[in-house]
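Residue-level structural notes
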Amino acid sequence: MRAERIGGSLVGIVVVSHSAKLAEGVVELARQMGGGDVALAAAGGIDDPESPIGTDAFAIKEAIESVWSDDGVLVLMDLGSAIMNAETALEFLEPPADASRVLLCEAPLVEGTVAAVATAGIGASLSEVAAEARAGLTPKIEHLAPAEAAESEATPEVARGRSIVLRVGNPLGLHLRPASRLVETVGRFDAEVRIANRTTGSDPVPARSLARVSALGVRQGHEIEVWAAGPDADAALSAISDLAADDFGDRDLPAAPPPPKAETPAVEPRSEGTVVGVGASPGVAVGPARYLRRPALEVPTGPPADPEADRQRLRQAIDAVRADIESQREQVLARAGEAEADIFTAHLLILDDEHLIGSALERIGPSTGAAEAWQAATEAVADDFRRLEDPYQAQRADDVEAVGRQVLARLLGVDPRPRMEAPGVLVADDLTPGETATLDPEMVQAIVTAAGAPTSHSAILARGLGVPAVVAAGPLEVEEGTPLLVDGTAGSVVIDPPPEQVAEARRRAEEDARRLEEARSRAAAPAVTTDGVAIEVAANIGSVEDARAAVEAGADGVGLLRTEFLYLNRTTPPSEEEQEETYRQIAEALGGRPLVLRTLDVGGDKPLPFLPRPPEQNPFLGVRGLRLGLAEPELLMSQVRAALRVAATHPVRIMFPMVSVLSEWEQVRTMVGEAAEQIGGLPDGLQIGVMVEVPSLALAADRFAAVVDFFSIGTNDLTQYTLAAERGNPELANLADALHPSVLSLIDRTCRAAAEHGRWVGVCGEAAGDPLAVPILVGLGVTELSMSPVAIAQVKDVVRRIDASDARRLAASALEMTSAEAVRQAAAAFLGT
Amino acid sequence: MNSVGLEEVLAWLREAAARIEEQKEYLTQLDSAIGDADHGINMNRGFKAALERLEANPPEDIAAALKSVAMALIGKVGGASGPLYGTMFMEMAKAIDGKERLEAADVAAAFRAGIDGIKARGKAEEGDKTMIDALEPAYAALQEAVASGAGVGEAIAAAADAAARGMEATIPLVARKGRASYLGERSAGHQDPGATSSHLLLAAAAEAWGS
Ligand SMILES: Nc1ncnc2c1ncn2[C@@H]1O[C@H](COP(=O)(O)OP(=O)(O)O)[C@@H](O)[C@H]1O
Ligand SMILES: [Mg+2]
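Residues numbered from 1 in each chain as written. Chains lettered and ligands numbered in written order. Predicted model: local features only at pLDDT ≥ 70, side-chain atom pairs only at ≥ 80, totals over all residues. Heavy atoms only, no water.

1. Remarks on the overall build of chain A
- Helix and strand content of chain A: 32 helices and 25 strands.
- By the burial criterion, 54% of the 833 residues in chain A qualify as buried.
- Nonlocal contacts in chain A, meaning residues at least 24 apart in sequence, comprise 71% of its contacts between residues at least 6 apart.
- Of the accessible surface of chain A, which amounts to about 35,000 Å², a share of 51% is contributed by carbon and sulfur atoms. (Helix = DSSP H or I, 4+ residues; strand = E, 2+ residues; numbered from the N terminus. Buried < 20%, exposed > 50% of the residue type's maximum accessible area, 1.4 Å probe, protein only. Contact = heavy atoms within 4.5 Å. Areas by Shrake-Rupley, 256 points an atom, 1.4 Å probe, with all protein chains shown as cover.)

2. A word on the packing of aromatic side chains
Residue and element names in this part refer to chain B.
- Taken as a whole and judged by the stated rule, the model has seven aromatic pairs over all chains.
- Measuring from centroid to centroid gives 5.8 Å for W12 and F89, while their planes differ by 20°, and the two rings are stacked. Placement of the pair is W12 in helix α1 (residues 6–22) and F89 in helix α5 (residues 81–95), with a sequence separation of 77 residues.
- Its relative accessible area of 0% is what places F89 among the buried residues. (Phe/Tyr/Trp six-rings, centres within 6.5 Å; stacked < 30°, edge-to-face > 60°.)

3. Regarding the side chain of B:R45
- Mapped onto the secondary structure, B:R45 falls in helix α3 (residues 39–56).
- Looking at B:R45, the relative accessible area reads 12%, which means it is buried.
- Polar side-chain contacts of B:R45 include one of 3.0 Å to the backbone oxygen of B:K76.
- The contacts of B:R45, once residues within four sequence positions are left out, are A:I46, A:D48, A:S51, B:K76, B:V77 and B:G78. (Polar contact = N/O pair within 3.5 Å; in protein donor to acceptor, adjacent residues only side chain to side chain.)

4. Section: the sheet that holds strand β6 (residues 192–197) of chain A
Residues and elements named next belong to chain A.
- The four strands lie next to each other as β5-β8-β6-β7, forming an open sheet whose pairing is antiparallel. Among the strands making up the open sheet, the edge pair consists of β5 (162–167) and β7 (205–206).
- Where β6 lies against strand β8 (residues 223–229), six bridges are found, and the strand directions are antiparallel. Note that in β8 the partner of V193 across the bridge is A228. (Pairing = 2+ DSSP bridges.)

5. Details of the packing of helix α2 (residues 57–66) of chain A against helix α3 (residues 81–92) of chain A
Residues and elements named next belong to chain A.
- One way to put it is that α2 packs onto α3 with a least axis distance of 8 Å and a crossing angle of 60°. Relative to α3, the element α2 lies oblique. Note on packing geometry: the crossing formed by α2 with α3 is right-handed. The residues of α3 that touch α2, namely those facing A57, F58, I60, K61, I64 and E65, are A82, N85, A86, T88, A89, L90 and F92.
- Partitioned by chemical class, the residues of the contact of α2 with α3 number nine nonpolar, two polar and two charged. (Axes fitted to C-alpha atoms, helices over the stretch in contact; angles between N-to-C directions. Parallel < 35°, antiparallel > 145°, perpendicular 65-115°, else oblique. Left-handed = near helix turned anticlockwise from the far one by under 90°. Nonpolar A, V, L, I, M, F, W, Y, C, P; charged D, E, K, R; others polar.)

6. Looking at the interface of chain A and chain B
- Taken together, the contacts link 18 residues of chain A with 18 residues of chain B.
- Between chain A and chain B the total buried area reaches about 1,500 Å² when both faces are included, carbon and sulfur atoms providing 55% of it.
- Counting the surface chain A buries against chain B, the share from its top three residues, A:F58, A:L79 and A:M84, is 30%.
- Its salt-bridge partner being B:K76, residue A:D47 comes within 4.0 Å of it at the nearest N-O pair.
- Taken together, chain A and chain B are joined by seven residue pairs in polar contact (both at pLDDT 80 or more).
- Elements with a contribution of two residues or more to the side of chain A that touches chain B: α2 and α3 of chain A.
- The element best represented in the side of chain A that touches chain B is α3(A), accounting for seven residues.
- Within the side of chain A that touches chain B, the residues separate by chemical class into six nonpolar, seven polar and five charged. (Buried area = accessible area lost by both parts, 1.4 Å probe. Salt bridge = Lys/Arg side-chain N within 4 Å of Asp/Glu carboxyl O.)

7. A closer look at the pairing of strand β1 (residues 12–17) of chain A
Residue and element names in this part refer to chain A.
- By the criterion of burial, β1 is predominantly enclosed, with six of the six residues buried.
- Residues G12, V14 and V16 point to one face of β1 and I13, V15 and S17 to the other, with burial holding for every one of them.
- Summarising the sheet, β1 and strand β3 (residues 73–77) pair through five bridges and their orientation is parallel. Bridged to G12 within β3 is V73.
- Note: β1 against strand β2 (residues 40–44), five bridges, orientation parallel. Among the inter-strand pairings, V16 is bridged to a residue of β2, identified as A43.

8. Focus: the confidence of the model for chain A
All names here are of chain A.
- In the predicted model, chain A carries a mean pLDDT of 85, and 88% of its residues have values of at least 70.
- Counting interchain partners and residues more than four positions distant, the pLDDT-below-50 stretch residues 1–8 has 14 contacts.
- Contacts of residues 252–266 to residues separated by more than four positions or lying in other chains number 19 contacts, the stretch itself having pLDDT below 50. (pLDDT = per-residue confidence, 0-100.)

9. Some remarks on the site of ligand 1
- Close contacts around ligand 1 come from 22 residues, with B:D36, B:A80, B:S81, B:G122 and B:D192 the closest.
- The environment of ligand 1 is shared, with nearby residues belonging to chains A and B.
- Taking B:D38, its side chain carries an N or O atom lying 3.0 Å from an oxygen atom of ligand 1.
- For ligand 1, an oxygen atom lies 3.0 Å from a polar atom in the side chain of B:N42.
- When the free accessible area of ligand 1 is taken as 560 Å², the share hidden by the protein chains comes to 96%.
- Sorting the residues of the shell around ligand 1 by element identifies α3 of chain A together with α3, α5 and α9 (193–209) of chain B as the ones contributing at least two each.
- The biggest single contributor to the shell around ligand 1 is α9(B), with three residues.
- In terms of residue class, the shell around ligand 1 is made up of seven nonpolar, nine polar and six charged. (Near = heavy atom within 4 Å.)

10. Regarding the confidence of the model for chain B
Residue and element names in this part refer to chain B.
- Taken residue by residue, chain B gives an average pLDDT of 94. The fraction at 70 or more is 100%.
- Within chain B, no element has a lower average pLDDT than helix α2 (residues 24–34), which sits at 93, and none a higher one than α9, at 97.
- For this predicted complex, the interface confidence comes out at an ipTM of 0.82, alongside a pTM of 0.42.

11. A few points about the environment of A:V403
All names here are of chain A.
- As for its placement among the helices and strands, V403 is situated in helix α16 (residues 396–412).
- Along the primary structure V403 and T378 are separated by 25 residues, whereas in three dimensions their C-alpha atoms are 8.7 Å apart.
- With residues near it in sequence (within four places) discarded, V403 still touches H347, I350 and L351.

Dropping the structure here:
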């Protein structure tokens, strides 16, 4: 008897047991947990009604044949004769079944089968399915003997379940807000999820504890590994990887602002003149200084009357505060939108944090009451945060303290809400979100805080309220009612300002607002310099949705499609059809605008699970970009074919990353030729170009210009490789600047060579979206600027204001300068800002 | 008897099946001490099926007869002894394929191949308290008899005696393979059921081919 295969190209699974009931029960159990398409068969018991317990090699043989898949069959067995009969069965398999593609797996029968079915269901390979099956006991071990499981160094990585590695792109890393989104997401799934910071080599922590996750100190560019086990493991992992792709919901935040000044030295309080802080919410406002009065919280010490009653009181207080925060959350949601309200969700998660609550409840005892225990527990967690190197993470201590205060106030029966007596400029050390939320927006004309950072919740909330804010202004010592001029754009506060200054500030604020408004309204129009040079202002994108957003934002095209999104966080490479379909959707979303598609650009720093590569000492100087493509020609060919198919009907240009020498170009050009032949010819007018990231290419630009159709300068890497300075290293911030004359000189060289051969040059690094860089790049001869969609309106505005021949003179003088700083000053003077 | 043909082989198999049926309770009882109390039931089911097969499809030669038994054991025994003895018969069949009659040396060669098959499948060695502990000494004795020029009957009788000693020698052993190994030290003090059935098979041959 041979059953039809149901499962596409999924691994088939056979369950062998002495008991027919057990085998069928296991099959039923595994079926319930997903993997509906997986071909699954039971081979249990023997054909003897009087003594039905045993195993039957021929029944096993038939079961294997009934689920046969060319991708292989995994056999899970109970004990003894089950194993020997399964082995025997292999000797009798009839084609197409083939013993070399059957794996008899030692995994535990029930857990192993469940894990195997779940994994097979996502199209994993036979060995991957087997690995998951073997790891099937982990959740049980961790549940029943978590301490041992954690201690046991020998626990293999796979034993934690499936895992994925993600790179955190958030400018601020996994600070409280994204971390809370992660915890929230995990909470929706029935899965045991653990997470570790691979970059710092941390141990995995449970992903349900906000405190633990935040305490991993994950910063931008760090790699995290996420393990999941349990029924929803796969769903949880894919949701987490989507969340990461969306920068954990932080997409709307601009690039990382400069880190807040670490440990502001004790500053004398200011009572006159102009105070410079950090602008955290733009705009200008003038009003009388107002202070908030917070109630003092006296924590009683000493033995409680009844520890159990105190535990109860603490729980009640937490519940009450939770209700308060929830209603504040609703208010802010209505007033300022989802993004702003998320902060409260983060605070709610702190209140749900088992680690924090558990340790507070534990501290309550014969000699320690609820208030004291709660205070000690929150302080301990806040201290953990404070110890983190990362200033953004360290700020999270404030969140814990703020929530802590609210609960404490409840326990003590005090109204924790601060009050403002009358409308004016709110002056405070720092504000908690709770405090900010209780503020009446009618009363608050502006906010000035002594501490805090542009990423503080109070700053974010101020932006949501639309009032100007200056943070990190240092302590102010002004009488309540003293007039203050708050310039949230410049980040300054003038104490008792003269009327002319007030008028000037108002005028500038209006001018800025008008300019931005106008730029937005003209974002979709072409950008042409005053002397008629058209500059294509395009978007860098990494998904189909991005393509739509780019068009919305006014992009003239896409100057960089990062195709990595198709490859990351999956266990098998995307099929050619999937790639083609995605590229086609993007091209269609662009409605005829040009699309520069960059082929897969990964390297040893972000290995692909389906493409294991030996570890490299220095992945940034290793097998990455096109080097990897040439090392894995099948992967690249498939991508090129998919791109060519779409290029036949859409203006798609293909760009290869990380090319350093001409022979690489020659090899890949041959591959493109072959790929074209396979699909029936090179599309008419197809442009194929290189990304200029490696100085050796820029230095040989004249050779390349003869053979490529275009250049696109990846200023980020070109700068790093030219100045040997990593961009993420704050100590090297002034070295790693794309406007350094040495980098500009390589761009100049590229542009000259391109002009001679009639090729165009674009820039797709961050410099393209930097207003100060625009006149320089245009002056050097760049005609396409590709950037994050948010920058498009402004960059177009800059282009429209400049004269290209003036810009050429500016660029020529920039090449003569000796520092990026000098170039920036010259550019700022040129733009008159 | 100096050599055996298909008739003698069939006689052996019938004798073996009869003895197993007779000893079914005993084998099961041995298995109940250190296993799951089914060895006699398993073996009896297997050999009954083997005889039915032989009757339904009379074999053309010795190899076909042995193969038929192998398939019946593999398909019907249900316990560990199924694939093990099944493999043994299958390997023996291959070793004497095409032969009309078996000399003592052929029997020894076939027996060797059969034991090797069991070892390959079950990964047991002598001393693990399994059928191997009866079979290996039996082979050694068989081989010795062949070397000294004994006929099939004499040689197989020597082998059956050695198997009996090997079987008894499993009593003090601690099981390292099969179900009994789950008992660890507690498996000592009991005779291994598989070694006992192995002895039965050899004793049946000695009976069938004696004189
Ligand atoms: N791995 C092995 N190698 C050799 N013989 C084995 C092995 N496992 C079990 N046996 C033999 O099989 C006998 C048990 O057979 P049986 O009861 O039919 O199988 P099961 O143990 O599956 O119930 C044991 O007494 C032992 O002699
Ligand atoms: Mg048994």
